[in-house]
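Tertiary structure, described
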Amino acid sequence: QVQLAESGGGSVQTGGSLRLSCAAYGYTYMITCMAWFRQAPGKEREGFAAIYTGGDKRDTDYADSVKGRFTIYQDNTKNTLYLQMNSLKPEDTAMYYCAARSGSYCGRFLQYEYRYWGQGTQVTVSS
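Let us look at the structure shown here. (Residues numbered from 1 in each chain as written. Predicted model: local features only at pLDDT ≥ 70, side-chain atom pairs only at ≥ 80, totals over all residues. Heavy atoms only, no water.)

Tallying each qualifying case throughout the model produces six salt bridges. Between Arg38 and Glu46 there is a salt bridge; the shortest N-O distance is 3.1 Å. Overall, Arg38 belongs to the buried group, its relative accessible area being 6%. Classification of Glu46 as partly exposed rests on a relative accessible area of 37%. Arg101 is the salt-bridge partner of Glu113, the closest N and O atoms lying 3.4 Å from each other. Residue Glu113 is found in the loop between strand S9 (94-101) and strand S10 (116-117), and its partner Arg101 is found in strand S9; the two are separated by 12 residues along the sequence. A residue is classified by how much of its surface remains accessible, and Arg101, at 5% relative accessible area, is buried. (Salt bridge = Lys/Arg side-chain N within 4 Å of Asp/Glu carboxyl O. Buried < 20%, exposed > 50% of the residue type's maximum accessible area, 1.4 Å probe, protein only. Helix = DSSP H or I, 4+ residues; strand = E, 2+ residues; numbered from the N terminus.)

Laid out in structure tokens, this is it:
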């Protein structure tokens, strides 16, 4: 069993920054991919950042919508996943979810491939 818990959401103005955290508990050694998804009202849940945690290289992938603004990374213990968000825009407003799974090819951002999910944390960006 794996449990995930996001934190760090909140309200910021356009251009501001936030750092989200995702704490992982349980059999985390089974996890090889972790990712961030988000869902805005009336829209489908979309993945936008992923990291391969099954090796030391920790390759990352980003959707074009966040590339250059967001950074996904882990601490050295691999127990906490982070998302550094800079230059936030109103269109970034959404519920943000941490997700994890085994396997590889994390950069596909496929929701159905992720078995473990956090409860979500709200990010609101105002003008």
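A few words on the state of the cysteines. Tallied over the entire structure, the rule returns two disulfides. Across the disulfide from Cys22 sits Cys98; the S-S distance is 2.1 Å. Judged by the sign of its S-S torsion, about -75°, the bond between Cys22 and Cys98 is left-handed. In this pair, Cys22 is assigned in strand S3 (residues 18-26) and Cys98 in strand S9, connecting sequence segments 76 residues apart. A residue is classified by how much of its surface remains accessible, and Cys22, at 0% relative accessible area, is buried. Across the disulfide from Cys33 sits Cys106; the S-S distance is 1.9 Å. Between Cys33 and Cys106, the S-S dihedral sits near -70°, and the bridge is therefore left-handed. With a gap of 73 residues between them, Cys33 in strand S4 (residues 33-39) and Cys106 in the loop between S9 and S10 connect regions that are remote in the sequence. On the basis of relative accessible area, Cys33 is assigned to the buried category, the value being 0%. (Disulfide = S-S within 2.5 Å.)

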